[in-house]
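A look at the structure
What follows is the residue order along each chain.
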Amino acid sequence: MSNYCAFSKDHNCLQWEDYEITRNELEEANELCHGNWIEIQHLQDRVDQLEQLLKKSGIDVPPEN
């Protein structure tokens, strides 16, 4: 997509700004999702460690709902 439009007086595409905003929002969302996924994996590792400690101590781990 380009910012050129043959049909407008100043040759600027009316949808260009919307395109740029949407592209930037998608990039930001992708970065946030990646960061969230890393945090989720870290927390899952922590849960796994805690469950192992409970089992070693003879404590039943509650079932997942």
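Remember, it's a predicted structure, so these values are computed and weren't measured experimentally.

Cut-offs used in this document
- Residues numbered from 1 in each chain as written.
- Predicted model: local features only at pLDDT ≥ 70, side-chain atom pairs only at ≥ 80, totals over all residues.
- Heavy atoms only, no water.
- Helix = DSSP H or I, 4+ residues; strand = E, 2+ residues; numbered from the N terminus.
- Buried < 20%, exposed > 50% of the residue type's maximum accessible area, 1.4 Å probe, protein only.
- Areas by Shrake-Rupley, 256 points an atom, 1.4 Å probe, with all protein chains shown as cover.
- Expected span 1.5 Å × (residues − 1).

Looking only at helices and strands, the chain features one helix and zero strands. Burial analysis of the chain (65 residues in total) assigns 3% to the buried set. A total of about 6,300 Å² of accessible surface is found on the chain, and carbon and sulfur atoms cover 55% of it.

Turning to helix α1 (residues 16-56), a few remarks are in order. Helix length check: α1, at 41 residues, gives a terminal C-alpha distance of 60 Å against a target of 60 Å (1.5 Å per residue), a fit within 8%. Trailing α1 by a residue or two, Gly-58 shows a phi angle of about 80 degrees, which is positive.

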